[in-house]
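What follows is the residue order along each chain.
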Amino acid sequence: MATVSTVGNETVHAQAAPGAKVPLVRPDLPALDEVAEQFGEILSSGRLSNFGPYATRFENELSERLGAEALAVSSCSVGLVFALQALGLQPGQKVALPAFTFVATAQAVLYAGGVPVFIDIDPDFTISVDDLRAVLAADPEIAMVMGVHTYGLPAQVDAIDAAAAEAAERAGHPIPILYDAAHALGSTVGDRAVGSFGDIEVFSLSATKTLVAGEGGVIASRHSDLIARLRAERNYGFAGSYDAHAPGLNGKMSEFHAVIGLHNLNRLDELMAQRAAKAAAYADRIVQETDFLPPPTRPGTAHTFKDFTILVPDHQRDRRDDIVAFLKRQGVDVRTYFAPALHRQGYFERFATRPLPTTDDLAARVIAIPFFASITDDEMTYVVEQLRQAQTNA
Ligand SMILES: Cc1ncc(COP(=O)(O)O)c(C=O)c1O
């Protein structure tokens, strides 16, 4: 069966890592006969892209689900760059974001001309609102806040709104909020879908995500003026005629990707239910049979568990890398997402201007273990057994 092995978060091939008994991820994909008719139609009509009927339907159905207008784009990375520009980021302006995230979050800030200011995280892996508040109070030059719904656990959206509003009041101008929602298609806070928070949210649809289109992203916003700008940005800067008035690149989604996205959107509730039930069972077994700590959750929120990241207990922190090596030898495909945290990575060290104690602590202890909607009971049993053995044998 096709599985995905990754370097960083980049898909490098469609086979399990050599010798892996349990892959890190098995992407949710349609069978060929479920999309053959649509693919055939696209091939015979020649309508491959340029906001065709499948991409348009995908956007309409997503907009309905998210409670915000959704634009399909070619990747989350490019969507984040567009979003920062649509929010008016000027060259050299500072953007507050967590260092505990995938590199694309901060790359987007640099590409859009901004300067990252790294904020610490809370023990639940999402941005620390206390640290954010302190930085906003100390540095009036921070122009924007970028939260991340890490692994699919929503950031503390209400508290972030309040912190940005207080800072905006002091500054006398708005401080927009952007969410990197790469992991969080399917997450909710109360009865609201992630996608409807902040000023703009951006999802990823790559093979390791909860709604797979192959490659792709979705930009969502409730602000029609921002959506109008974003429409132009993903279409070379054109808005209605061959006369560009805005910045832009090719950020379009192809019809083939939209067909796969639509297929998975139609079964997203089913996939989320499978993920939630399996995550709860996995966490129970991990707690009962090992000393690892399961992923934090928060009452009132739905978590996608895009990654199922456990923590090595504090007293074994020095053994994390040995445990990872043991698990890989046993055929359990694991990663240390997100270590090194960004302020410890070569390209971003120059922005390591403040202490980030929780980020450093958790980055030293994380292990992302295999998890996906179709993971079997036997696979989970095998992983938990290897985790148990790793604590004594690694
Ligand atoms: C937090 C985060 N942001 C952004 C991205 C980039 O997404 P894409 O590969 O669709 O550009 C990823 C990819 O894994 C991610 O994990």
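## Points about the overall build of the protein chain
Inference 1: A count of helices and strands for the protein chain gives 12 helices and 14 strands.
Inference 2: In terms of C-alpha radius of gyration, the protein chain reaches 21 Å, essentially the compact-globule figure of 21 Å for 394 residues.
Inference 3: The principal-axis extent of the C-alpha atoms belonging to the protein chain is close to 65 × 60 × 40 Å.
Inference 4: In the protein chain, the proportion of contacts linking residues at least 24 apart, taken out of those at least 6 apart, comes to 71%.

## Regarding the sheet that holds strand β8 (residues 188-189)
Inference 1: Reading across from one edge, β9-β8-β12 is the order of the three strands in this open sheet, with antiparallel pairing throughout. In this open sheet, the two edge strands, each paired with only one partner strand, are β9 (192-193) and β12 (301-302).
Inference 2: The sheet contact formed by β8 and β9 spans two bridges and is antiparallel. Across the sheet, Thr188 pairs through a bridge with Ala193, a residue of β9.

## Let's talk about the confidence of the model for the protein chain
Low-confidence regions, as indicated by low pLDDT, have predicted coordinates that should not be scrutinised in detail.
Inference 1: When the pLDDT values of the protein chain are averaged, the result is 95; 95% of them are 70 or greater.
Inference 2: Confidence scores differ between elements of the protein chain, with strand β2 (residues 10-13) showing the lowest mean pLDDT of 39 and strand β10 (residues 200-204) the highest of 99.
Inference 3: In this model, residues 1-15 is a region of pLDDT below 50 whose contacts with residues beyond four sequence positions or in other chains number 42 contacts.

Cut-offs used in this document
- Residues numbered from 1 in each chain as written.
- Predicted model: local features only at pLDDT ≥ 70, side-chain atom pairs only at ≥ 80, totals over all residues.
- Heavy atoms only, no water.
- Helix = DSSP H or I, 4+ residues; strand = E, 2+ residues; numbered from the N terminus.
- Rg over C-alpha atoms; globule rule 2.2 N^0.38 Å.
- Contact = heavy atoms within 4.5 Å.
- Pairing = 2+ DSSP bridges.
- pLDDT = per-residue confidence, 0-100.

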